[in-house]
Amino acid sequence: MTLLSPEERHRLDALTRTGLLDSPAEDRFDRITRIACRLFDVPIALVSLVDEDRVWFKSCQGLADRETPRATSFCHYGICQPELFIVEDAMADPRFADGPLVVGAPHIRFYAGAPVHAPDGHCLGTLCLIDRRPRHLNETEQGLLRDLANDVEREIALQQHIDTFRQLKASERRARAVIEGTRVGTWEWNVQTGETVFNERWAEICGYRLAELEPISIQTWLNLAHPDDEPASSEALAAHFRGETGEYDVRCRMRHKEGHWVWVHDRGRVFEWTETGEPLRMYGTHSDITEDMHTAQRLARQNRALAVMNDLVINARGSLDDRMKQALAQGRDFLCLPIAIVSEITEDAYTVLQVRAPSATGIKPGLTLPLAQTYCDLLIDGNDVLAIHHMAHSPHCDHPSYAVQQLESYIAAPLTVRGRLYGTLNFSSPDPRDAPFSDIDITFVRLLARWLSSQIESDVTTRTLAKLAEQAPGILYQYRQWPDGRTAFPYASAGIQAIYGVSPEDVLTDARPVFDRIHPDDLDKVGRSIRKSERTLGLWQHQYRVSKDGGWRWVEGRASPERLPDNSTIWHGYIVDIDEIKRTQLRLQESEEQLRRLFELSPMGIALNDYHSGECLAVNDALLRSSGFRRTEFMKLAFRDLLRERFEALREDALTGLKTAGRFGPFDANVSRADGSAFPARIEGLRIKNATGRALIWTLINDISEQRRAEQMKNEFITTVSHELRTPLTSVAGSLKLLASGVAGALSERAVQLVDIANRNTDQLQMLINDLLDMEKLASGNLSVLLEEHPLQPLVESAVAQLRTYAADRDVSVVLQGSDNPVAHTDALRLTQALNNLLSNAIKYSPEGGTVSVRVAETNGAARISVSDQGPGIAAAFRAHVFEKFAQAAESRRKNLGGTGLGLAITQAIMEQLGGRVWFESEPGHGATFWLEVPVADPAVTPT
Ligand code: ADP
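So, here is what we can say about the structure in this document.

### Digging into the pattern of salt bridges
Where charged atoms from two side chains of opposite charge approach closely, those side chains can pair.
Stage number 1. Taken as a whole and judged by the stated rule, the model has 56 salt bridges.
Stage number 2. Note that D93 and R95 form a salt bridge whose closest N and O atoms lie 3.1 Å from each other.
Stage number 3. Assessed through its relative accessible area of 13%, D93 is described here as buried.
Stage number 4. Here R95 falls in the partly exposed class, since its relative accessible area comes to 46%.
Stage number 5. Three or more residues are tied together by salt bridges with common partners; here these are D22, D51, R54 and E67.

In structure tokens:
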């Protein structure tokens, strides 16, 4: 590859730019070469173009080839000459003499070339004349050749102009297409003459055809422009003329053919200045930005609405009335309506709650109107925003309210509180609006009404809560604790004064005054319980004392905690005074404690059972000790397990007793032990109700084995003594009787008295010993009984007869009443012994001249013998002891009526052995009736 000089490269570029290389032959060049052949009488004339390696012929006369190699060509030399290059005889020129074009075809001998230049001066090639014989060109001929070469140059230049023009045309077409495509209006303005050119689109933006606007001048623009935008536009133009701005850039309104305003964006620039520096020509564009402007305006209005709402929500302060006033003021400004009202609607009445309106309207809070006379009457059916921009033209124009209020524009939304219509938020004006309310206005009013509704609702709720809180006993409160240890009561009801002696304001930001009031002994525990609740977020509940009037009162707090985003904790709860309950509770606890101790330490066995289920609820140590059961075992036992052999019999009595008198017993029974043995016990029961109303039975099971053993020892002792005494005493009694009868000689009066005393005491002693021995026999079961059928009447008669003397001695008459003669199944001897006891007691305790009545009767399958006297009866205090051994009423002992106190005990023992019983009825001071009951003989086996 040849390294080209820069100059040669530029020359070759210029050659390429002509577009002539390798192009088809053209007549405009061929015409010149044809003229040259004729004019100079040469066989060959060429327009040659010198390319990098070849010489190419744009026009060629007299040669078949269109090109030849550059290196051996004559033209190669020709283009290097400023003027003509002439070789008169190539054979005589050493540069060409042996050249291929000279030696071979086309056998050149003569060559004359005039350089051909591009318009920019680069030499492109030559116009050359060639002959096969040597020649000479005179000066005139050389001049002619130069002229022809100039013609070639002109043709080349012309070609280039045509190309440039075509390119210009194409680019203009493209620009026009682009402008049309962008739907942009264009303008040209001769600033100096006012001459103006608009395109069709310019006119179309304002709704015209360009022809309609003719004649067009700058005035055309001025006529259509909005007068309000004119100053800004002039200023922008002046600034651009002064060179302060690179371009004129203005947004302004133009009146559309249909009367409305369209927004346009004009941009332009001065392109030509006068020689004195004045702006001459300006070109610019003119585009319709109405939609953009509307979008921007909408956006701005939307932002404004949001800003208003935002401002209200963030800066809402003061009372509900203050907040309503703020909302009305903001809404009125935003909507550009002079009257703003919050109303309340109750039934058919409309009441103004808050208002912002010119004073001339006379609308004031409290003003009440019939709902039908207000526009709100139209609103409440729809339940959403109602917007009327020109009442006279609206479908509502015949509503009665229009005649009364005469308002032309109106926008309103309902206020809904707790799901019900509360009132309305409305804005109005006596003037109509240019255009309907926009959707932004409608949304704004809807949002504002919702916000107001929520404010009213929360106010109503707060007031209701405050009233409830006032009524609630104690304090309702919120207590907040921050991670740095700060504490406060953000809310406390007025009750805090009564409990802590501080006001809600005192502890609003610092809770310490409350803690200062807590009893020092409780403060730590209160702190701990709060910390625990904070940690676990579990319910806080605590009882503690609070200082009050120099003393302490118990309170109880209960609150549930909640963690807040700042990691502080807030409790919602209440505190109530529980002093009375607490003190009663403490007293109760104390007495329960005492009872429990009594229960636990009592030497008597005690069990606590459920009345209905019988389940054992508690048992004391004494009972476990005597029974040998472990506590868990005992708790599972039933009474049936404990009182094996006598359970059925006792159960009936116990249940009846509990039902009728709330108690049973005491009765003696053997209680089973864990090891299978049993111990004697005295059992008594008591029905109670606990605090919750549950029916329970306390059962006292007194282990009487010790007592039994002592008794037995005593009995054995008495028996031994009695036996030992009986024989000597019998002989003493016999001897005394003999002495008294005078067997041992007459006794002095004094001696008779003494023997008589000794006799009586010996009788008494014998009686006691007999009784004691009977008792012992009865107790040991050694007294034999023979049960047979006995008619009772004769038995009773004989017993009465036996005691007649004794009765007569005491001036007491014994009467036998009734004629029943039941036949008893009994032992006659023992029954007589028992009856004797009753009869002798009745006679003994009868007043002098008294009567003892005896009656035999049969009742409910039993034969009953009753003995009634008119004596002192049985004192209430003695009733329980009547049948005890050696028991004598204090009165009897005092009067020394004789007797051992064993008679009734023996009677009871006998009756038990006979399968009967003894009992009494007595009203103290009015005598007593003792009776014996024995089973009657089975009629089936009784011989009649
Ligand atoms: P005593 O031998 O003392 O009569 P009892 O066992 O027969 O012993 O009677 C016990 C006590 O009951 C008497 O001491 C007496 O106080 C009282 N008593 C018994 N029968 C009567 C009665 N009919 N009227 C009043 N008191 C009586």
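Read on, since the account is not over.
### Quick notes on the pairing of strand β5 (residues 110-117)
Stage number 1. Counting buried positions along β5 gives seven out of eight residues, so the element sits mostly inside the fold.
Stage number 2. Relative to β5, strand β4 (residues 85-87) runs antiparallel, the two being bridged by three bridges. Within β5, the position partnered with I86 by the bridge is A112.
Stage number 3. In terms of strand pairing, β5 meets strand β6 (residues 123-131) through eight bridges, oriented antiparallel. When the sheet's bridge partners are listed, A112 is paired in β6 with L129.
Stage number 4. In sequence, β5 turns back onto β6 through a hairpin of five residues, with G121 there showing a positive phi of about 100°.

### A short note on the packing of helix α25 (residues 792-802) against helix α27 (residues 828-845)
Stage number 1. Direction vectors running N to C along α25 and α27 enclose 50°, while the axes themselves pass 10 Å from each other. Classified by the interaxial angle, the pair formed by α25 and α27 is oblique. Handedness of the α25/α27 crossing: right-handed. Between α25, through L792, L795, V796, A799, V800 and Q802, and α27, the contact on the second element is made entirely by A828, L831, T832, L835, N836 and L839.
Stage number 2. Here the residues of the contact of α25 with α27 sort into nine nonpolar, three polar and no charged.

### Focus on the layout of surface pockets
Stage number 1. Empty space within the largest pocket amounts to approximately 2,000 Å³.
Stage number 2. Taken together, 47 residues line the largest pocket, and the ones lying closest to its centre are P666, D668, R682, Q908 and E912.
Stage number 3. Elements with a contribution of two residues or more to the lining of the largest pocket: α22 (647-661), β25 (663-672), β26 (678-689), α23 (705-740), α24 (749-780), α29 (903-913) and β33 (917-922).
Stage number 4. The class makeup of the residues in the lining of the largest pocket is 23 nonpolar, 10 polar and 14 charged.
Stage number 5. In this model, the second largest pocket occupies a volume close to 1,200 Å³.
Stage number 6. In terms of lining, the second largest pocket is formed by 44 residues, of which the most central are N837, S840, N841, K844 and Y845.

### Points about the packing of aromatic side chains
Stage number 1. The final tally for this structure, using the stated rule, is 24 aromatic pairs.
Stage number 2. Members of the aromatic cluster, connected to one another through ring pairs, are F74, Y77, F85, F96 and Y111.
Stage number 3. Taking the ring centre of Y77 as reference, the NZ or CZ of R95 above it sits at 5.6 Å.
Stage number 4. The ring of W554 is capped by K582, whose NZ or CZ atom sits 4.6 Å from the centre of that ring.

### Some thoughts on the sheet that holds strand β13 (residues 349-356)
Stage number 1. In spatial order, the strands read β14-β13-β12-β17-β16-β15; together these six strands make up an open sheet with antiparallel pairing. Among the strands making up the open sheet, the edge pair consists of β14 (368-370) and β15 (386-388). Ignoring strand direction, the axes of neighbouring strands in this sheet form an average angle of 25°.
Stage number 2. Taken together, the seven bridges between strand β12 (residues 339-346) and β13 define a ladder with antiparallel strand orientation.

### Here's the deal with the packing of helix α2 (residues 27-40) against helix α5 (residues 139-181)
In a pair of packed helices, the angle between the axes and the distance between the axes together describe the arrangement.
Stage number 1. At a minimum axis distance of 10 Å, the contact between α2 and α5 shows a crossing angle of 175°. By the angle between their directions, the pair α2 and α5 is classed as roughly antiparallel. The segment α2 lies against α5, with R28, F29, R31, I32, I35, A36, L39 and F40 engaging E141, L144, L145, L148, D151, V152, E155, I156 and Q159.
Stage number 2. A breakdown of the residues in the contact of α2 with α5 according to their chemical character gives 11 nonpolar, one polar and five charged.

### Considering the site of the ligand
Stage number 1. Neighbouring the ligand are 18 residues; N841, D869, Q888, S892 and L904 lie closest to it.
Stage number 2. In the model, an oxygen atom of the ligand is placed 2.7 Å from a nitrogen or oxygen of the Q888 side chain.
Stage number 3. Here an oxygen atom of the ligand and a backbone polar atom of L904 are 2.8 Å apart.
Stage number 4. Protein coverage of the free-state accessible area of the ligand, which is 520 Å², stands at 97%.
Stage number 5. Most atoms of the ligand, that is more than half of them, are within 2 Å of grid points of the second largest pocket.
Stage number 6. Taken together, the elements giving at least two residues each to the shell around the ligand come down to α27 and α29.
Stage number 7. Looking at the shell around the ligand element by element, the count peaks at three residues for α27.

### What about the sheet that holds strand β7 (residues 185-190)?
Stage number 1. Here five strands make up an open sheet; going across it, the order is β8-β7-β11-β10-β9 and the pairing antiparallel. Here the strands that pair on one side only, and so sit at the sheet edges, are β8 (196-198) and β9 (248-255). Across the sheet, the mean angle from the axis of one strand to that of its neighbour is 25°, orientation sign disregarded.
Stage number 2. Packed onto the sheet, helix α9 (residues 230-241) meets β7, β9, β10 (261-273) and β11 (279-288) and runs at close to 155° relative to β9.
Stage number 3. Where helix α10 (residues 290-315) meets the sheet, its contacts fall on β9, β10 and β11, and the angle it forms with β10 comes to roughly 120°.

### Observations regarding a nonpolar patch on the surface
Stage number 1. Nonpolar side chains collect at one region of the surface, where I35, L39 and L144 lie side by side and expose about 240 Å² of accessible area between them.
Stage number 2. Relative to the assigned elements, L144 resides in helix α5.

### Points about unusual backbone geometry
Negative phi is the rule for most residues except glycine; trans is the rule for most peptide bonds.
Stage number 1. Residue P106 is bonded to the preceding A105 through a cis peptide linkage, with omega at 10°.
Stage number 2. Tracing the backbone shows P106 in the loop between α4 (100-103) and β5.
Stage number 3. The linkage connecting E214 with the following residue, P215, adopts the cis geometry, with an omega of 0°.
Stage number 4. Structurally, the position occupied by P215 is in the loop between α7 (210-213) and α8 (218-224).
Stage number 5. Unusually for a residue other than glycine, E347 sits at a positive phi of about 55°.
Stage number 6. Despite not being glycine, N567 shows a phi value in the positive range, around 70°.

### What about the pairing of strand β27 (residues 695-703)?
Stage number 1. When strand β23 (residues 605-610) meets β27, the two strands line up antiparallel, connected through six bridges. Following the sheet pairing, I606 is matched in β27 by L700.
Stage number 2. Here β26 pairs with β27 via nine bridges, running antiparallel. Across the sheet, residue A681 finds its bridge partner in β27, namely D703.
Stage number 3. Where β26 folds back on β27, the antiparallel hairpin that results is connected by five residues, among which G693 adopts a positive phi of roughly 90°.

What counts, and at which threshold
Residues numbered from 1 in each chain as written. Predicted model: local features only at pLDDT ≥ 70, side-chain atom pairs only at ≥ 80, totals over all residues. Heavy atoms only, no water. Salt bridge = Lys/Arg side-chain N within 4 Å of Asp/Glu carboxyl O. Buried < 20%, exposed > 50% of the residue type's maximum accessible area, 1.4 Å probe, protein only. Helix = DSSP H or I, 4+ residues; strand = E, 2+ residues; numbered from the N terminus. Pairing = 2+ DSSP bridges. Axes fitted to C-alpha atoms, helices over the stretch in contact; angles between N-to-C directions. Parallel < 35°, antiparallel > 145°, perpendicular 65-115°, else oblique. Left-handed = near helix turned anticlockwise from the far one by under 90°. Contact = heavy atoms within 4.5 Å. Nonpolar A, V, L, I, M, F, W, Y, C, P; charged D, E, K, R; others polar. 1 Å grid on protein atoms, 1.4 Å probe; cavity = no way out; pocket = protein on both sides within 12 Å on 5 of 7 lines; lining within 4 Å. Points joined across faces, edges and corners; volume = space filled by probe spheres on them. Phe/Tyr/Trp six-rings, centres within 6.5 Å; stacked < 30°, edge-to-face > 60°. Lys NZ or Arg CZ within 6 Å of the ring centre and 35° of its normal. Near = heavy atom within 4 Å. Polar contact = N/O pair within 3.5 Å; in protein donor to acceptor, adjacent residues only side chain to side chain. Areas by Shrake-Rupley, 256 points an atom, 1.4 Å probe, with all protein chains shown as cover. Sits in = over half its atoms within 2 Å of the grid points. Patch = residues over 30% accessible without salt bridge, like charges linked within 9 Å, V, L, I, M, F, W, Y side chains within 5 Å.

In short, the description is geometric, and any link to function would need to be established separately.
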